[in-house]
Amino acid sequence: MNRFHISDIDGLQRLIDEVGFLPLGGDGALPGFSLAHMTAPESWHTGDPETDPWEWRQILAAGGGVVYGKFIERKNAFISREWFPALANWRRDGYDFDSLADSGAANWKQARIMALFGGGQPLPAHEIKRLAGFGKDGLQGFDGAVTALEMRTYLVFCGVQRKRNRMGEEYGWPVSLFAPPELTCGADYVRSCYGEPPEQSLHRILRHLRGVFPGADETQLMKFLKAVS
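To start, this report covers the structure provided alongside it. Given the structure is predicted, the values throughout are model-derived calculations rather than measurements.

## Overview of the packing of helix α3 (residues 84-92) against helix α10 (residues 198-212)
Contact geometry for α3 and α10: axes closest at 8 Å, N-to-C directions at 135°. On the basis of their axis angle, the class for α3 and α10 is oblique. Of the two possible hands of crossing, α3 and α10 adopt the one that is left-handed. Each of A86, L87, N89 and W90 in α3 lies in contact with α10, whose residues at this interface are P198, E199, S201, L202, R204 and I205. Grouping the constituent residues of the contact of α3 with α10 by class yields six nonpolar, two polar and two charged.

In structure tokens:
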């Protein structure tokens, strides 16, 4: 799986376009297949956007060249523009979140989070947590709720920003920004596969991945793609 070597952001974009689905790090159902395995360890977390893969993830996500979030085995991954609508159709089972809520099938904690995006703007993670009522003296399970929304493709990572104090001055480490992909990519694009049965979207994804990983068996590929409710 480590036949790829990535040394710059343009190479990363080309690889994502080719393979369609690329975890950021770690070992999962397809051992050795992640950006961390394809880059030099010393290049990470330097803060240099020319060479740091950690920086590349936010550049590509903010620029719209990929869709990024916890999509693969509850871990962060890049999905190509070509394949995200198929993944969304399968993971959502054809429902956008409003339709899921109207049907009574939406998780209520997740619904509190999704209700915050009516203003049409991405929100930083700490603000989502506060506004949705999570925290020490409030609801528990914030990280799990956000991860589940990402896995079902209702939320995506779309960049970072630093916190601001009362004077409007930035401080601290950058925090993740999240938004529904309909907001960052456009609803027509995200829902462009809604016209086909979700299982057909899955079959197309599997056929593509078999071409990328001819040595992987069906069990590995399904574990790689397994959805989380």
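## Looking at the pattern of salt bridges
Within this structure, the stated rule accounts for six salt bridges. Residue E196 pairs with R204 through a salt bridge whose shortest N-O separation is 2.9 Å. Given a relative accessible area of 23%, R204 falls into the partly exposed group. As a salt-bridge pair, R210 and E218 come within 3.1 Å of each other at their nearest N and O atoms.

## Some thoughts on the state of the cysteines
One pass over the structure, following the stated rule, counts zero disulfides. C185 forms no disulfide, and the closest cysteine sulfur to it belongs to C158, at a distance of 9.2 Å. Judged by relative accessible area, C185 falls into the buried class, the value being 18%. With no disulfide of its own, C193 lies closest to C185 among cysteine sulfurs, the gap being 13 Å.

## Here's the deal with the packing of helix α1 (residues 9-19) against helix α2 (residues 53-63)
Axis separation between α1 and α2 bottoms out at 10 Å; the angle between their running directions is 60°. By the angle between their axes, α1 is oblique relative to α2. As α1 packs across α2, the resulting crossing turns out to be right-handed. Each of I9, L12, Q13 and I16 in α1 lies in contact with α2, whose residues at this interface are W56, I59 and L60.

## Regarding the packing of aromatic side chains
What the rule picks out here adds up to nine aromatic pairs. Summarising the aromatic geometry, the rings of F33 and F213 are spaced 4.6 Å apart at their centres and angled 75° between planes, so their arrangement reads as edge-to-face. Taken as a pair, F33 in the loop between β1 (21-23) and α2 and F213 in the loop between α10 and α11 (218-225) lie far apart in primary sequence, 180 residues in all. Classification of F213 as buried rests on a relative accessible area of 2%. Aromatic pair F97 and Y154: ring centres 5.2 Å apart, planes at 80°, arrangement edge-to-face. Residue F97 is located in helix α4 (residues 97-102), and its partner Y154 is located in the loop between α7 (142-151) and β5 (156-164); the two are separated by 57 residues in the primary sequence. Taken as a pair, F97 and Y154 share a single burial class, namely buried. Over the ring of W54 we find R57, and its NZ or CZ is 3.6 Å from the ring centre. Directly above the aromatic system of Y189 lies the positively charged group of R81, at a separation of 4.0 Å from the ring centroid.

## Here's the deal with the pairing of β5
Where β5 lies against strand β6 (residues 170-179), seven bridges are found, and the strand directions are antiparallel. Along β6, the bridge assignment pairs F157 with F178. Taking the residues that link successive antiparallel strands as the turn, the β5-β6 hairpin has five residues, and the phi of G168 there is positive, at about 80°.

## Section: the pairing of β6
Bridge count between strand β4 (residues 123-124) and β6: two bridges; the pairing is antiparallel. Note that in β6 the partner of L123 across the bridge is F178.

## Here we look at α11
Those residues of α11 lying buried are L221, F224 and L225. The arc that holds every buried residue of α11, seen down its axis, measures 90°, which confines them to one face. Projecting away from the buried face of α11 at angles above 90 degrees are the exposed residues T219 and K223. Packing partners of the buried residues in α11 comprise β1, β2 (66-72), α3 and α10. Between the side-chain oxygen at the start of α11 and the backbone nitrogen of T219 there is a gap of 3.1 Å, and the oxygen is on D217.

Calculation rules
Residues numbered from 1 in each chain as written. Predicted model: local features only at pLDDT ≥ 70, side-chain atom pairs only at ≥ 80, totals over all residues. Heavy atoms only, no water. Axes fitted to C-alpha atoms, helices over the stretch in contact; angles between N-to-C directions. Helix = DSSP H or I, 4+ residues; strand = E, 2+ residues; numbered from the N terminus. Parallel < 35°, antiparallel > 145°, perpendicular 65-115°, else oblique. Left-handed = near helix turned anticlockwise from the far one by under 90°. Contact = heavy atoms within 4.5 Å. Nonpolar A, V, L, I, M, F, W, Y, C, P; charged D, E, K, R; others polar. Salt bridge = Lys/Arg side-chain N within 4 Å of Asp/Glu carboxyl O. Buried < 20%, exposed > 50% of the residue type's maximum accessible area, 1.4 Å probe, protein only. Disulfide = S-S within 2.5 Å. Phe/Tyr/Trp six-rings, centres within 6.5 Å; stacked < 30°, edge-to-face > 60°. Lys NZ or Arg CZ within 6 Å of the ring centre and 35° of its normal. Pairing = 2+ DSSP bridges. Arc of directions from axis to C-beta. Polar contact = N/O pair within 3.5 Å; in protein donor to acceptor, adjacent residues only side chain to side chain.

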